[in-house]
Amino acid sequence: MKALFAGLGSIGTRHLKNLAQLAGARGLPLEVHALRSGKKGPLPADTAALVQREAAGLDALDDRYDLAFLTNPTALHAETLGRLKGRAGCWFIEKPIFDAPGPSLETLGLDTASGQKAYVAAPMRWCGVMQALKKELPALAPYSVRAICSSYLPDWRPGVDYRTVYSARRALGGGVGIDLIHEWDYLADLFGLPLETACFAGKYSQLEIDSDDLAIYIARYPTLLAELHLDYFGRGYRRTLELFCQEGTAIADFGAGTLTLPNGRVRHCEEPLNQRYLREMDYFLDYALTGQGTSVNCPETALRVLSLSLGLG
């Protein structure tokens, strides 16, 4: 099995290590090539040990790969996909798919008609709390839901000046709407696409950034209303989904790893963070290599979710 990684930053390295682990467990031989700019210097030794070839340009790559991982900065996704069109049996595209909804999936060969297999990352779908919630959801039948993701951007990357990272810079795809697209992704996964939405977003705090640090949405579905709050300035980490139901309120607390049901029963789903990424990679290998089924998060769906997160409806 031959895999290409376009970008090997922190998330690319995580996916590479998980791929190597699962390929080994399945008895699949793995050869990895990496397309890198080299601007960040040499790879750490443990990462370099998993890579058989590094390339600065397309000429040093093979013509075809079984798997290709798009894990470079979001602002470069469309360009990279265009340059590598036709070289991958199956794409794993890090979220969000783009930083704006402009690129044509047809031009990039990612539309359904092209037959190109592709999955856009959605790790929160694979966390223990979400897995438990999906099992309980049919019986809950909520008529209102409220989601929030609130945290303090300067605390995200210890030892790194928050003003220098992509989250702080609109031109690099920063801003809560895109950065915290997980929330819209899981809402769309749980309830489908809304009938209509309203969004208010902007820069409101004293953080030294030029991207949106607050976005608030209201969405109307056939049987429920949804509220969503995203911010970069909450001093206490909070990532929850409340579901208001006839029998009471269910609370999925993704930070604590718990699901509290309307009857007060608490399901404990605490687990290491990487467990969700391992589940996701396990799914991706099944989808990519068996030739069966359709992508649970295809580019068309990811593009519609991106429009929602940007307040474009």
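For the structure given in this document, a descriptive report is provided here. Everything numeric here is computed off the predicted structure, so don't read it as measured data. Each chain has its residues counted from 1, running along the sequence as written. Side-chain atom pairs in this predicted model are given and counted only at pLDDT of 80 or more, local residue features only at pLDDT of at least 70, and totals for whole chains, interfaces and linings cover all residues. With hydrogens and water set aside, each side-chain value is computed from the structure's full complement of heavy atoms.

1. Digging into the side chain of Asn 72
Strands are runs of DSSP state E lasting at least two residues, helices are runs of H or I lasting at least four, and both sets are numbered from the N terminus onward. Within the secondary structure, Asn 72 is located in the loop between β4 (65-70) and α3 (77-83). With a 1.4 Å probe rolled over the protein chains alone, any residue whose accessible area is under 20% of its type maximum counts as buried; one over 50% counts as exposed, and the rest are partly exposed. Residue class for Asn 72 comes out buried when judged on its relative accessible area of 15%. At 2.9 Å, the side chain of Asn 72 and the side chain of Thr 80 are in polar contact. We call two residues in contact when some of their heavy atoms are within 4.5 Å. Contact partners of Asn 72, with chain neighbours within four places excluded, come to Ala 6, Gly 7, His 77 and Thr 80. Identification of polar contacts relies on pairs of N or O atoms within 3.5 Å, with a donor-acceptor requirement for protein atoms, meaning one able to donate a hydrogen and the other able to accept it, and with residues adjacent in sequence counted only if both atoms are side-chain atoms.

2. A short note on the packing of aromatic side chains
The rule is short: rings of Phe, Tyr and Trp, with Trp giving its six-membered ring, pair when the centres are within 6.5 Å, and they are stacked under 30 degrees, edge-to-face over 60, tilted in between. Across all of its chains, the model carries 13 aromatic pairs by this definition. Relative to Phe 284, the ring of Phe 69 lies with its centre 5.5 Å away and its plane at 65°, an arrangement referred to as edge-to-face. In this pair, Phe 69 is assigned in strand β4 and Phe 284 in helix α8 (residues 274-290), connecting sequence segments 215 residues apart. Where Tyr 283 meets Tyr 287, the ring centres are 6.0 Å apart and the plane angle is 5°; that geometry is what we call stacked. Of the two residues, Tyr 283 and Tyr 287 both sit in helix α8, 4 residues apart, roughly one turn of that helix.

3. Here we look at unusual backbone geometry
Omega for the bond connecting Lys 95 with Pro 96 falls within 30 degrees of zero, at -15°, which places this linkage in the cis form. Here Pro 96 is to be found in the loop between β5 (88-93) and α4 (105-108). For Ala 141, which is not glycine, the phi torsion reads 45° and is therefore positive. For Ala 141, the location among the structural elements is in the loop between α5 (128-140) and β7 (144-152). Judged by relative accessible area, Ala 141 falls into the exposed class, the value being 51%.

4. Brief notes about the sheet that holds β5
Paired through backbone hydrogen bonds, the strands of a sheet run either parallel or antiparallel to each other. The criterion for strand pairing is that DSSP finds at least two bridges linking the strands in question. Across the sheet, 6 strands lie side by side as β3-β2-β1-β4-β5-β6; this open sheet has parallel pairing. Each having just a single partner strand, β3 (53-55) and β6 (117-120) make up the two edges of the open sheet. Put simply, the sheet's adjacent strands are angled 20° from each other on average, direction ignored. With 3 bridges joining them, strand β2 (residues 31-35) and β3 adopt parallel strand pairing. Opposite Ala 34, over in β3, you have Glu 54 as the bridge partner. Axis definition: a line fit to C-alpha positions, over the contact stretch in the case of helices; interaxial angles, taken between N-to-C directions, run 0 to 180 degrees. Here helix α1 (residues 10-26) sits on the sheet in contact with β1 (2-6), β2, β4 and β5, set at roughly 170° to β1.

5. Focus: the sheet that holds strand β13 (residues 258-260)
Strand order in the open sheet formed by 8 strands is β8-β9-β10-β7-β11-β12-β13-β14, with mixed pairing between adjacent strands. This sheet does not close on itself; its edge strands, each paired only once, are β8 (196-202) and β14 (266-268). Neighbour-to-neighbour, the strand axes of this sheet turn through a mean angle of 15°, independent of strand direction.

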